[in-house]
Amino acid sequence: MNKLTQSLANAVTPRFHYAWVVVGVIFLVLLCSAGIRATPSVMILPLEQEFGWNRSTISVVISVNIALYGLIGPFSAAAMQRFGIRRVVLGALVLLATGTALSTLMHMPWHMLLSWGLLVGAGTGVAANTLGATIVSRWFETRRGLAMGLLTASAATGQMVFLPLMAAMVGSYGWRSVAFLVSAVALLAIPLVWLLLPEGPASIGQKMVGQTSETADDGRSKRNPLAIAFDALRTSVRMPDFWLLFMSFFVCGLSTNGYIGTQFIAMCNDYGINEVSSASILAAMGMLDLVGTTLSGWLSDRYNPRVLLFWYYGLRGLALIFLPYAFGLQYYGLAIFAIFYGLDWIATVPPTVRLANDVFGRLAAPIVFGWIVAGHQLGAATATTVAGYMRATLGNYTLSSIMMGIACLVGAVLVLRIKGQTGQPQQPQVASA
């Protein structure tokens, strides 16, 4: 542990735990990752214009990015147990900086597949909600919902900070300027992680937030990360709650970054709304989600997470069904959609993480949640591909919006069947030495 980190840990007062410094550092890492993940949404139209690629081709490449972002999750969580959080996060930031910078040289679809699909997809797969779940599990015994809500809200903040700026840069300087911007942002995050991120409370002589016992498992393991990840999957797939969480999160990915996060700017363009204005609407939804997701984390510490998820999915479904008609209601139609959808955008994450902890236990939950996030991103990849194809064939997004809304209503029913904790949580044994 470097001297600066230890000095900061020693300087904190009993009323302010160093865990909140860790939350701040990871918030910034996730914010950078969210900004990079949002970048393809402002690149669709410029890439069409410069290279003549159709929207379906670009959407397929983006769907590879989204799917890999999810599939990396359980393995990155297992790698953090084996090699440590800091090393894995630093490696992810290097991948993000390299992949985005290399994309400025692309002129064939397979170049985009290599840079944005594989390198950036792998990097964002580490700097994702699975990272937040790992941090919360390792640093917090209590107030987990609030901490997870704050970390999840980083995705919304990333959009709020980056999207309007990126859209303006695309219009003034071209899409390559945006690729260089996000590459530089990833590089700037590296020293923060190196200097300020310890492996766990024990490494700086502290306990977890709310920890009452004298000792606790630090979550480290000497086992092979692949074995850790697949052992967790093998145990969890036997439990019905895993599949209910997996399918509900599939719907979540389908209806958020796979659809609105990727296609909304192009959708607005169909109605004559330019890239800067539509990116500003997305940023406004991100600002609302910052409030909604943080509040969702606070609520998850206090109320039944299944009931919360029922309302979140149900309201999101109604908002998506309303979306095609919002464009015909002058300026206030999109405002109504932005408010309802924005507050609800990724509010589903904190209660889902709480349910994962209830069902699978603190040590196994981050890795199992990684597999659940894989479902989220498979849903997102499906939505990106299907919506891009339907837009290319039908000429609009109306039917795809209604389909996404109906899927959310089905998800609202599914989450009520999750049993959660019924006594002692069942824990796949993934963290033993």
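Residues numbered from 1 in each chain as written. Predicted model: local features only at pLDDT ≥ 70, side-chain atom pairs only at ≥ 80, totals over all residues. Heavy atoms only, no water.

Our next topic: the nonpolar core. Core analysis: the largest hydrophobic core is formed by 137 residues, its most contacted members being I260, F264, M285, F337 and F360. Broken down by element, the residue count for this core peaks at 18 residues, all from helix α2 (residues 19-51). Per-domain counts for this core show at least three residues from each of domain 1 (1-200) and domain 2 (227-414). (Core = buried A, V, L, I, M, F, W, Y, C linked by side-chain atoms within 4.5 Å. Buried < 20%, exposed > 50% of the residue type's maximum accessible area, 1.4 Å probe, protein only. Helix = DSSP H or I, 4+ residues; strand = E, 2+ residues; numbered from the N terminus. Domains from an automatic or database assignment.)

Counted by the stated rule, this structure contains 17 aromatic pairs. Their ring planes at 70 degrees and their centres at 5.0 Å tell us that W20 and F140 sit as a pair that is edge-to-face. Pair noted here: W20 is in helix α2 and F140 is in the loop between α6 (129-139) and α7 (144-173), with a separation of 120 residues, a long-range link. Judged by its relative accessible area of 0%, F140 is buried. Here F337 and Y341 contribute two aromatic rings whose centre-to-centre distance is 5.1 Å and whose plane-to-plane angle is 20 degrees, an arrangement assigned as stacked. Pair noted here: F337 and Y341 are both in helix α14 (residues 330-344), with a separation of four residues, about one helical turn. With respect to burial, F337 and Y341 carry one shared label: buried. Among the aromatic side chains, those forming a connected cluster through ring pairs are F264, F337, Y341 and W345. (Phe/Tyr/Trp six-rings, centres within 6.5 Å; stacked < 30°, edge-to-face > 60°.)

What follows covers the pattern of salt bridges. A complete count under the given rule lists five salt bridges for this structure. Here R138 ties to E199 by a salt bridge, and the two come within 3.5 Å at their closest N and O atoms. With R138 in helix α6 and E199 in the loop between α8 (175-196) and α9 (225-236), this pair connects stretches of sequence that are 61 residues apart. Where D270 meets R391, a salt bridge forms, and the shortest distance between an N and an O atom there is 2.8 Å. Pair noted here: D270 is in helix α11 (residues 260-270) and R391 is in helix α16 (residues 365-394), with a separation of 121 residues, a long-range link. (Salt bridge = Lys/Arg side-chain N within 4 Å of Asp/Glu carboxyl O.)

Considering the arrangement of structural elements, one finds S296 in helix α12 (residues 275-300). Taking the relative accessible area as the measure of exposure, S296 reaches 0% and is therefore buried. Contacts of S296, omitting those with residues within four sequence positions, involve Y312, A347, P350 and P351. (Contact = heavy atoms within 4.5 Å.)

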